[in-house]
Amino acid sequence: MMDKKHILDNGLLEQYLLGELNAQDCKQIEHALASDTELKAQFDALEKDFEMLGLENAIEPPKGIKYQLIQDIREAKDTKNNKGNSNLKFYLGIAASVAALSMLGGFWMYNELSDVKQQLQTVETEKTELNDKLNNLNQQIENETVLFATVTHPDTEQYVLKGNTLMPDGKVVSYVNHSTKSVVINTERLPKLDAEHDYQMWADVEGEMINMGVIGKDQNLMAMRYIDHAESLNITIEPAGGNDHPTVVQLVTNVYLK
């Protein structure tokens, strides 16, 4: 049996009003409405809102419907003059025409409510997408702020890694701050690699190369892992995604720290 939370969380009252539920679900909704006065009050308010929404968005019936209704009334009236039981047929004809018009109006109302519901869902989706974009933008701003803080910190030291014969035109500017234990590099002058290879940075500590991270292809300014007691910074070309140990023959630049 459906409880109130399940009904409200899944929008079942709206679906019930729009006639989108099967017979079994309708029966459960009706049972819940009969046993829960608070839920019934919420349903009544929702029903009133739907009625108001339908009236505000009502569409004038096509002129052809009005013309057909008038024709039916005239035909029924002519029949009245020619047959003894015409009174009954006359009123039945009018009733049938009015019923048909009412059914058509109900169909229009249903379509209008469905369209409004779809519009509300679209707005909710767009709102979610906008929130995601704002969150991503805030995260990007926060990351940029951290990088800027390292670069501009008074204790930050700047080191330039110039390319060797394997990368004669390459150059990387690094910003090292031992007090905040942070490293930021500018890779704007680092030549592009193919999809199968990445640049990777290493810190030399007493002859051991320790991984500082893979250098992203789409970032000109990025933070790298800080390594205590590093004697030099080194960059090698490695398989895409990085390597567990440096490929020494692919060392393209390095610099000794003071």
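To start, this report covers the structure provided alongside it.

**Description of the overall build of the protein**
- For the protein, the helix and strand inventory stands at 6 helices and 8 strands.
- Mapped in sequence order, the helices and strands of the protein form the string α-α-α-α-α-α-β-β-β-β-β-β-β-β.
- Looking at the protein residue by residue over its 258 residues, the buried ones come to 29%.
- Across the protein, the fraction of contacts at a sequence separation of at least 24, relative to all contacts at a separation of at least 6, is 56%.
- Of the accessible surface of the protein, which amounts to about 17200 Å², a share of 54% is contributed by carbon and sulfur atoms.

**Observations concerning the pattern of salt bridges**
- In this structure the tally under the stated criterion is 5 salt bridges.
- The residue K181 makes a salt bridge to D228 at a minimum N-O spacing of 2.7 Å. In this pair, K181 is assigned in the loop between β2 (171–177) and β3 (182–189) and D228 in the loop between β6 (221–224) and β7 (232–239), connecting sequence segments 47 residues apart.
- Owing to a relative accessible area of 47%, K181 belongs among the partly exposed residues under this scheme.
- With relative accessibility at 36%, the residue D228 sits in the partly exposed group.

**Points about empty space enclosed by the protein**
- Counted by the stated rule, this structure contains 1 cavity of 30 Å³ or more.
- Volume-wise, the largest cavity comes out at about 30 Å³.
- Lining the largest cavity are V176, H178, V183, M212, Y226, I227, A230, L233 and L257.

**Some words on the sheet that holds β3**
- Spatial ordering of the open sheet is given by β1-β2-β3-β6, a layout of 4 strands whose pairing is antiparallel. Looking at which strands have only one partner, the edges of the open sheet turn out to be β1 (157–162) and β6. Each strand axis lies, on average, 25° off the axis of its neighbour in the sheet, ignoring direction.
- Here β2 pairs with β3 via 6 bridges, running antiparallel. Among the inter-strand pairings, V173 is bridged to a residue of β3, identified as N186.

Conventions we followed
What you see as residue numbers is a count from 1 along each chain, following the sequence as written. Owing to the predicted nature of the model, reporting of local features is limited to residues with pLDDT of at least 70; listing and counting of side-chain atom pairs is limited to 80 or more, with chain, interface and lining totals taken over all residues. The basis for every side-chain value is the complete set of heavy atoms in the structure, and neither hydrogens nor water enter the calculation. Every helix listed is a DSSP run of H or I at least four residues long, and every strand listed is a run of E at least two residues long, numbered separately from the N terminus. Any residue under 20% of the maximum accessible area for its type is buried, any over 50% is exposed, and the rest in between are partly exposed; the area is computed with a 1.4 Å probe on protein chains only. Contacts are residue-level and defined by heavy atoms, with any inter-residue pair within 4.5 Å sufficient. What sets the accessible areas is the Shrake-Rupley method with a 1.4 Å probe; for residues, cover comes only from the shown protein chains. Each reported salt bridge corresponds to a side-chain nitrogen of Lys or Arg within 4 Å of a carboxyl oxygen of Asp or Glu. Using a 1 Å grid laid over the protein atoms alone, points where a 1.4 Å probe fits but cannot get out form a cavity; open sets with protein on both sides within 12 Å along at least 5 of 7 lines form a pocket; any residue with an atom within 4 Å of a point counts as lining. Grid points are joined across faces, edges and corners, and a volume is the space filled by probe spheres set on the points. A pair of strands counts as paired when DSSP detects no fewer than two bridges linking them. Here the axes come from fitting lines to C-alpha atoms, over the contacting stretch only for helices, and the angles between their N-to-C directions go from 0 to 180 degrees.

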